Amino acid sequence: MVDLERWVGQAVAANQEWAAGFGPFNPHPSLEVSDERFGAAFAEFTERLADNYPFFHPRYAGQMLKPPHPAAVAGYLAAMLINPNNHALDGGPATARMEREVTAQLADMFGFGTHLGHLTTSGTIANLEALFVARELHPGRGVAFSADAHYTHSRMCGLLGIEGHPVPVDRAGRMDLDALDELLRGGRVGTVVLTAGTTGLGAIDPVHEALGLCRQHGARVHVDAAYGGFFTILAQDPTARDHTAEDQTAEQELRLPAAPWRAIAECDSVVVDPHKHGLQPYGCGAVLFRDPGVARFYLHDSPYTYFTSADLHLGEISLECSRPGAAAAALWLTFRLLPPTRDGLGQVLAAGRRAALAWAALIGKSSVLDLYQEPELDIVSYFPVTGPATLSGIDLASERILQAGMTSPDPLFLSTLRADADAFLARHGSVKADAPGARILRSVLMKPEAETYLPHLHERLEQLARG
């Protein structure tokens with residue numbers, strides 16, 4: 001394992017060695033703080049930080065949270081001590097080059113031959129930029145997105161002053177293409193957002209089928225792969241030919257259907273969040289456009305900023321101004337060790353997906369739990385078996401399990417997802433709809449350690465379900 005303490009120390013030492021090359025100077029007394037004062041404040045600080053859930057531990061299987069890789073921590077710290085700003089090239093010469101390199105790696109991962117892109121502080125901002133370009137390309141026309149898409153699309157449409165059109169989903173949580181076709185025939189939609197990994201269930205919209213439909217009606221296609229984007233690695237054909245028959249069978253079972261992911265290469269833009277499956281600290285999102293010509297919509301001048309180089313500054317292709325160069329540095333160092341390939345990050349993703357599929361199989365055999373729907377990525381959705389099977393009873397039981405798990409001496413941290421009655425009954429028609437909907441339980445197995453910890457997770461969950 002990486003010795004994080006050692007490499008954090010190396011990051012500080014490297015910064016000091018670099019800084020010493022510029023000669024000594026006297027620090028200003030206004031910045032001076034004694035070790036005693038710092039120690040007292042830091043003790044209070046670390047005590048306050050203890051009020052957190054154990055995001056690092058596989059017993060935390062709740063939200064989309066996990067710690068960054070040690071490479072990202074050391075890389076971020078080393079760059080943060082310099083504190084570069086990737087808005088302009090003279091604000092972060094080294095980290096701007098790193099950002100371009102990792103952006104090119106992300107573009108290659110999605111199959112973009114040419115691209116324009118950059119990192120952002122979040123998937124929300126990345127999607128805002130994509131919808132901003134959509135508005136400029138199709139003024140007066142709205143944006144369609146699935147009813148299960150992230151709420152950011154509705155919010156960003158409101159912010160941009162464009163009409164948002166939610167599209168119904170099928171019983172697997174994917175966009176209903178018949179409903180999309182009907183909407184597109186009205187001529188009011190200029191861009192369709194397809195989701196590659198919904199944040200609720202991890203569902204993947206049929207990008208390959210929707211793409212032709214959108215082109216038929218003259219609509220652009222943006223893919224929100226903020227959550228699921230890195231899983232495109234598992235949809236690629238393996239290059240190794242020396243696997244055993246057993247390994248090849250296991251790999252075939254794990255591999256995702258390739259068609260939706262390959263179709264992203266033909267879409268107009270895509271968003272992905274390295275601070276989810278890319279092992280990065282918050283916040284690190286990314287937006288990529290297939291047509292570099294959309295840079296024209298970002299045109300602006302900053303006469304006191306863009307003066308050290310005639311090359312394109314990252315701030316000239318971003319709605320954000322100041323952005324931490326440390327985020328690019330952290331991702332660059334991580335990708336040097338675990339690149340976005342099948343043999344790099346793919347191994348991390350594969351472990352989480354194997355855990356999800358294995359847990360779904362165990363839940364399918366349980367007498368006290370029922371699977372809500374089969375997982376596509378690494379999100380597992382399920383609910384407690386109640387007698388009689390009613391939405392109100394399932395809702396109460398889910399809440400009880402959630403609270404009991406979080407407060408137990410042997411804790412298990414889960415999350416809940418509210419399913420409306422129609423969605424629930426589409427999957428489980430025998431449940432009595434005595435309420436508008438019900439909370440179900442949901443687990444995100446982002447940490448690869450969940451694969452080996454799974455027996456304890458399942459045993460503990462069944463104990464909680466039995467009450």
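Here goes a summary of the coordinates provided. (Residues numbered from 1 in each chain as written. Predicted model: local features only at pLDDT ≥ 70, side-chain atom pairs only at ≥ 80, totals over all residues. Heavy atoms only, no water.)

## Some words on the side chain of Thr 232
Inspection of the secondary structure assignment puts Thr 232 in helix α9 (residues 232-235). Dropping the residues within four chain positions of it, Thr 232 is found in contact with Met 109, Phe 110 and Trp 261. (Helix = DSSP H or I, 4+ residues; strand = E, 2+ residues; numbered from the N terminus. Contact = heavy atoms within 4.5 Å.)

## Examining the pattern of salt bridges
Close approach of charged atoms lets side chains of opposite charge pair. Taken as a whole, this structure holds 14 salt bridges when the rule is applied. Across the salt bridge formed by Glu 163 and Arg 188, the nearest N and O atoms sit 2.3 Å from each other. With Glu 163 in the loop between α6 (152-160) and β3 (164-167) and Arg 188 in the loop between α7 (177-184) and β4 (189-195), this pair connects stretches of sequence that are 25 residues apart. By relative accessible area, which is 38% here, Glu 163 ends up partly exposed. Exposure remark for Arg 188: the relative accessible area of 46% places this residue in the partly exposed category. Here Asp 181 ties to Arg 185 by a salt bridge, and the two come within 3.2 Å at their closest N and O atoms. According to the relative accessible area criterion, Arg 185 is exposed, its value standing at 58%. In this structure, a network of salt bridges that share partners links the residues Asp 395, Glu 399, Arg 418 and Arg 439. (Salt bridge = Lys/Arg side-chain N within 4 Å of Asp/Glu carboxyl O. Buried < 20%, exposed > 50% of the residue type's maximum accessible area, 1.4 Å probe, protein only.)

## Here we look at the packing of aromatic side chains
The tally for this structure, following the rule as stated, stands at 13 aromatic pairs. Look at Phe 38 and Phe 42: their rings are 5.6 Å apart centre to centre, the planes differ by 15 degrees, and that puts the pair in the stacked class. Remark: Phe 42 and Phe 38 occur in helix α2 (residues 35-49); sequence separation between them is 4 residues, near one turn of the helix. Overall, Phe 42 belongs to the partly exposed group, its relative accessible area being 41%. Ring centres of Tyr 53 and Phe 413 lie 5.4 Å apart, and the angle between their planes is 50 degrees; on these two criteria the pair is classed as tilted. (Phe/Tyr/Trp six-rings, centres within 6.5 Å; stacked < 30°, edge-to-face > 60°.)

## Brief notes about the packing of α7 against helix α8 (residues 207-216)
The N-to-C vectors of α7 and α8 enclose an angle of 15 degrees; their axes lie 10 Å apart at closest approach. As far as their axial angle goes, α8 and α7 are roughly parallel. Taken as a pair, α7 and α8 cross one another with a handedness that is right-handed. Contacts from Leu 177, Leu 180, Asp 181 and Leu 184 in α7 reach Glu 209, Ala 210, Leu 213 and Cys 214 in α8. Taken together, the residues that form the contact of α7 with α8 break down as 6 nonpolar, no polar and 2 charged. (Axes fitted to C-alpha atoms, helices over the stretch in contact; angles between N-to-C directions. Parallel < 35°, antiparallel > 145°, perpendicular 65-115°, else oblique. Left-handed = near helix turned anticlockwise from the far one by under 90°. Nonpolar A, V, L, I, M, F, W, Y, C, P; charged D, E, K, R; others polar.)

## Some details on the side chain of Ser 408
Here Ser 408 lies in the loop between α14 (391-407) and β10 (415-420). Among the polar contacts made by the side chain of Ser 408, one reaches the main-chain amide nitrogen of Asp 410 at a distance of 3.0 Å. (Polar contact = N/O pair within 3.5 Å; in protein donor to acceptor, adjacent residues only side chain to side chain.)

## Quick look at the nonpolar core
Leu 106, Phe 110, Leu 180, Val 192, Val 223, Phe 230 and Trp 261 are the most contacted members of the largest nonpolar core, which totals 57 residues. The contact partners of Leu 106, leaving out residues within four places of it in the chain, are Leu 119, Phe 230, Val 272, Ala 286, Leu 288 and Phe 335. In terms of nonpolar packing, the next biggest core, distinct from the first, is built from 26 residues, Phe 145, Leu 160, Val 271 and Ile 317 among them. (Core = buried A, V, L, I, M, F, W, Y, C linked by side-chain atoms within 4.5 Å.)

## Description of the sheet that holds strand β11 (residues 437-444)
Strand order in the open sheet formed by 4 strands is β8-β9-β11-β10, and the pairing between neighbours is antiparallel. Each having just a single partner strand, β8 (369-373) and β10 make up the two edges of the open sheet. Pairs of neighbouring strands in the sheet enclose a mean axial angle of 45 degrees, with direction left out of account. Bridging between β8 and strand β9 (residues 379-384) involves 4 bridges; their strand directions are antiparallel. In the sheet register, Gln 373 faces β9, and the bridge partner there is Ser 381. In the packing of α14 onto the sheet, contacts are made with β9, β10 and β11, and the angle to β11 comes to roughly 35 degrees. (Pairing = 2+ DSSP bridges.)

## A short note on the sheet that holds β4
As summarised here, the arrangement of the 7 strands in space is β1-β7-β6-β5-β4-β2-β3, forming an open sheet in which the pairing is mixed. Of all strands in the sheet, those with a lone pairing partner are β1 (116-120) and β3, marking the two edges. The average angle at which neighbouring strand axes cross in this sheet is 20 degrees, direction not considered. Here β4 pairs with strand β5 (residues 220-224) via 5 bridges, running parallel. Bridge pairing links Val 192 to Val 221 in β5. Sheet strands in contact with α8 are β4 and β5, and its direction is about 155 degrees off that of β5.

## A few points about the environment of Gly 352
As for its position among the elements, Gly 352 is in helix α13 (residues 345-364). When the C-alpha positions of Gly 352 and Glu 451 are compared, they lie 6.5 Å apart, and in sequence the two are 99 residues distant. Residues contacting Gly 352, with those up to four places away along its chain left out, are Asp 378 and Leu 445.

## Thoughts on the pairing of strand β2 (residues 142-146)
Of all 5 residues in β2, 5 are buried; the element is thus mostly enclosed. Residues of β2 alternate between two faces, with Gly 142, Ala 144 and Ser 146 on one and Val 143 and Phe 145 on the opposite face, all of them buried. Of the pairings in the sheet, the one linking β2 to β4 comprises 4 bridges and is parallel in character. Considered in β4, the bridge of Ala 144 is made with Val 192. Summarising the sheet, β2 and β3 pair through 4 bridges and their orientation is parallel.

## As for the environment of Ala 433
Mapped onto the secondary structure, Ala 433 falls in the loop between α15 (421-427) and β11. Since its relative accessible area comes to 44%, Ala 433 is described here as partly exposed. Taking C-alpha positions, Ala 433 is 34 Å from Pro 58, a pair spaced 375 residues apart along the chain. Once you skip the residues sitting within four places of it in the chain, Ala 433 turns out to touch Leu 391, Ala 421 and Leu 425.

## Thoughts on the pairing of β1
Among the 5 residues in β1, 5 count as buried, and that is most of the element. Where β1 lies against strand β7 (residues 285-289), 5 bridges are found, and the strand directions are antiparallel. Looking across to β7, one finds that His 118 is bridged to Val 287.

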